[in-house]
Amino acid sequence: MRMRKVTALLLVLALLVSLVPAAGFAQDQPQEQLIWRQVGLAYFDVWKHTSGEWQDSDGDGVKDGPKGDPNASDPSYWQNKKARATYTLPSSLLEKYKVTRIEVRGEFGQEEYDAYVALQGHGYPNPWWRLGMDESAKYYTWARYRDRHYDVKPENFSVRKTDEDLSKGTAVAQWQLNLAPKKYAINRKENRFPGDESNPNLANAVEGWRWWLPVYIEWYGIPKEVPPDFYAKITPKQVQADPGQKLTFTATFGLKQGFSKPSRARLSAYHVVNGREYPVTLEPESGAPDPKNPVEFQPGQEYKYKVSVTAQDEDSKVMVKINPVDVSEDADWSDNSDEALIAVIQQQPPTGSGELVLQAYSYPGKDLRGNYQPSKPRPVNTAKWSDDVTATLTVKKPRPPRGTLDWWEISSAKLTYPKQHPSFSFGRPLPPQGTVTVNMKVPGRADPDTDELKATAKFVEDWAMDGFPVYSMIDGKQLTTEKPKDYPVTATYTVRYRYHYVVCDEDGSCYTIYVTAEDTRTATQNLKVTGAGTVPYAS
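Draft legend 1. Looking closely at the overall build of the chain. When helices and strands are tallied, the chain shows three helices and 30 strands. Within the chain, the proportion of its 539 residues that are buried is 43%. Relative to all contacts within the chain whose residues are 6 or more apart in sequence, the contacts with residues 24 or more apart total 72%. If you sum the accessible surface of the chain, you get close to 27,700 Å²; carbon and sulfur atoms cover 49% of it.

Draft legend 2. Geometry of unusual backbone geometry. Residue proline 181 is reached from alanine 180 by a cis peptide bond, and omega for that bond is -10°. Structurally, proline 181 is set in the loop between strand S6 (170-177) and strand S7 (186-187). Going from threonine 235 to proline 236, the amide bond is cis rather than trans, its omega being -10°. In this model, asparagine 274 sits at a positive phi of 55°, which is unusual for a non-glycine residue. Looking at the element boundaries, asparagine 274 is found in the loop between strand S12 (263-273) and strand S13 (276-279). Although it is not a glycine, serine 286 adopts a positive phi angle of roughly 55°. With respect to the helices, strands and loops of the structure, serine 286 is situated in the loop between strand S14 (282-285) and strand S15 (295-297). Here serine 286 falls in the exposed class, since its relative accessible area comes to 83%.

Draft legend 3. Up close: the side chain of arginine 37. Examined against the element boundaries, arginine 37 turns out to sit in strand S2 (residues 33-48). Engagement of the side chain of arginine 37 in a polar contact is seen with the side chain of tyrosine 216, the distance being 2.8 Å.

Draft legend 4. Structural view of the pattern of salt bridges. Summed over all chains, the structure comprises 31 salt bridges. Where aspartate 147 meets arginine 146, a salt bridge forms, and the shortest distance between an N and an O atom there is 3.2 Å. A residue is classified by how much of its surface remains accessible, and aspartate 147, at 46% relative accessible area, is partly exposed. The exposure class of arginine 146 is partly exposed, given its relative accessible area of 28%.

Draft legend 5. Just the sheet that holds strand S16 (residues 302-310), in detail. Strand order in this open sheet of four strands is S9-S11-S16-S14, and the pairing throughout is antiparallel. Across the chains shown, the open sheet's two edge strands, defined by having one partner strand only, are strand S9 (230-235) and S14. The mean inter-strand angle of the sheet, taken between neighbouring strand axes irrespective of direction, is 30°. In the sheet, S14 pairs with S16 via four bridges, with the strands oriented antiparallel. When the sheet's bridge partners are listed, glutamate 283 is paired in S16 with lysine 306.

Draft legend 6. Structural view of the environment of proline 90. In this fold, proline 90 is placed in the loop between strand S3 (81-88) and helix H1 (91-96). On the accessibility criterion, proline 90 (23% relative accessible area) is partly exposed. As a C-alpha pair, proline 90 and threonine 170 span 80 residues in sequence and 9.6 Å in three-dimensional space.

Draft legend 7. Quick look at helix H2 (residues 110-120). Listed in full, the buried residues belonging to H2 are Glu112, Tyr113 and Tyr116. The arc that holds the buried residues of H2, viewed along the axis, is 100°, so those residues lie on one side. When the buried face of H2 is taken as reference, the exposed residues oriented beyond 90 degrees from it are Glu111 and Ala118. Looking one or two residues past H2, glycine 121 carries a phi angle of roughly 85°, positive in sign.

Draft legend 8. Just the sheet that holds S6, in detail. The sheet built from three strands is open, its strands ordered S3-S6-S5 with antiparallel pairing. If you trace the sheet from one side to the other, it starts and ends with S3 and strand S5 (158-165), each paired once. Within the sheet, the average angular offset between the axes of one strand and its neighbour, ignoring direction, is 25°. With seven bridges joining them, S5 and S6 adopt antiparallel strand pairing.

Draft legend 9. Region of the structure containing the packing of aromatic side chains. For the structure shown, the criterion picks out 22 aromatic pairs. Plain terms: the ring middles of tyrosine 417 and phenylalanine 459 are 4.4 Å apart, the flat faces sit at 15° to each other, and that makes the pair stacked. Of this pair, tyrosine 417 sits in strand S24 (residues 404-418) while phenylalanine 459 sits in strand S26 (residues 452-460), and the two are 42 residues apart along the sequence. Members of the aromatic cluster, connected to one another through ring pairs, are Phe108, Tyr113, Tyr124, Tyr140, Trp142, Tyr145, Tyr150 and Tyr216. Seen from the ring of tryptophan 407, arginine 445 lies directly overhead, with NZ or CZ sitting 3.6 Å from the centre.

Draft legend 10. Seen up close, the side chain of aspartate 313. Relative to the helices and strands, aspartate 313 resides in the loop between S16 and strand S17 (316-324). At 2.9 Å, the side chain of aspartate 313 and the side chain of tyrosine 499 are in polar contact.

Draft legend 11. View of the nonpolar core. If you look at the biggest cluster of nonpolar residues, it comprises 40 residues, and the most contacted ones within it are Leu356, Leu393 and Leu415. Elements with a contribution of two residues or more to this core: strand S19 (354-361), strand S23 (388-396), S24, S26, strand S29 (485-504) and strand S30 (510-532). Of the residues forming this core, the biggest block, nine residues, is contributed by S29. Ignoring sequence-local partners within four residues, the contact set of leucine 356 consists of Ala391, Thr392, Leu393, Leu415, Val489, Thr490, Ala491, Ala523 and Gln525. In terms of nonpolar packing, the next biggest core, distinct from the first, is built from 33 residues, Ile35, Ala42, Trp54 and Phe157 among them.

Draft legend 12. Structural context of the environment of serine 167. In this structure, serine 167 sits in the loop between S5 and S6. With relative accessibility at 60%, the residue serine 167 sits in the exposed group. In the structure, serine 167 is positioned 73 residues away from leucine 94 in sequence and 8.3 Å away in space, judged by C-alpha atoms.

Scoring rules and cut-offs
Residues numbered from 1 in each chain as written. Predicted model: local features only at pLDDT ≥ 70, side-chain atom pairs only at ≥ 80, totals over all residues. Heavy atoms only, no water. Helix = DSSP H or I, 4+ residues; strand = E, 2+ residues; numbered from the N terminus. Buried < 20%, exposed > 50% of the residue type's maximum accessible area, 1.4 Å probe, protein only. Contact = heavy atoms within 4.5 Å. Areas by Shrake-Rupley, 256 points an atom, 1.4 Å probe, with all protein chains shown as cover. Polar contact = N/O pair within 3.5 Å; in protein donor to acceptor, adjacent residues only side chain to side chain. Salt bridge = Lys/Arg side-chain N within 4 Å of Asp/Glu carboxyl O. Pairing = 2+ DSSP bridges. Axes fitted to C-alpha atoms, helices over the stretch in contact; angles between N-to-C directions. Arc of directions from axis to C-beta. Phe/Tyr/Trp six-rings, centres within 6.5 Å; stacked < 30°, edge-to-face > 60°. Lys NZ or Arg CZ within 6 Å of the ring centre and 35° of its normal. Core = buried A, V, L, I, M, F, W, Y, C linked by side-chain atoms within 4.5 Å.

Shown next as structure tokens:
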């Protein structure tokens, strides 16, 4: 059977007491006061194995058993046992007070307990209580707490502070006790607590006993000086601008009233482009101090500075910041920075123009007179029914809006042409119905010295025989025009490219901006259908 080791369970109750400094003390100096009190409750458990051996409950290398037990006759089993626990001042109070001392003691009474109840609205939590039990039993009255824990302290009971860190508000409490008398301990086999579910059944030979260890702790301290409250503002809050346009903003920095003395701060401004902060020079106005060094402010004083930046090819921000120098904290960090938005007026990128050329080739086979004809090219942008057509899109190199081109490519291209009527036949050439769209074959990425790129696609002109009159007996009318007819063929393409340019601020700092842009356009070319070609698949 696996025996349980002692567990230091600390049930912490807290009470904040604010004491007004006694009359007669100098009011211009902060006075020590009681800032926090805590009632704690630990315990010391001992367990006997089914073999009759008492276990080393606290892990100090010495077995622990109750005084008077035949298997714990040596005083080392029960005499001068120790337990420790660390208590910490709540962080919200540590921010407001400088801790001057921490007192730990084991003696306290109804006055402290009742004060806790009055402020907290309830008594000490009952360690036996669990969900499903009567809510009225969840917290102790003083009498119940006293009878169950305070008045049943073990023999030779004492508690003292063995360590502390005032800067962190922590104190270590150490109890000393004899594991006696047994009548003051609770039988752990008969008293089950929340968390004991892992050992629901214990063997008959197993014994377990618990002694309660109360403690009372007080924290004393003096109020910390309220830190200065600096602020930063920028105007206007938003502007619209063209790329490359020079812009000027006004930054205002100040120290709010309420601080007791002058205080220094460091001022800064940044142009935020693509999430990166680029420092910008602050130019003093109306006699404001040079911001290259920390600036001293009297309470209620503020200074103005000019901030000049250049609008980029995309939206950006101008940010101003103020940070305390003489202290590490600010009373309200939320207004220590401010920002303005530069909304760039978007312009159509100067993408290279595209030209679509359609070259048809006759299908090899017999013509309408039965004579074999080899494949041959048609005049550019003309075709006959059954011709194979190659569409070639030529795109000129883009010209970036500024700076230098790094690379460019046709990232995608699609070709759209008329779709053959589903009931089309040679003797019944019904007009096309709808369109067909196919992907064009595009080349890879090109360097900036490449002047043009070409995308291609192939299709069959199978939708019209205009220029070759056909009268349909079924429809009772002529279905084709006697003259050639134009049909639009459209290429939709996207050009993607990257360029860079150098930006220099007024203070001479320069940096390179890289921009990747793309533009989607169309190029349309009419394909003139001039009749019927060879009969496809004829031998």
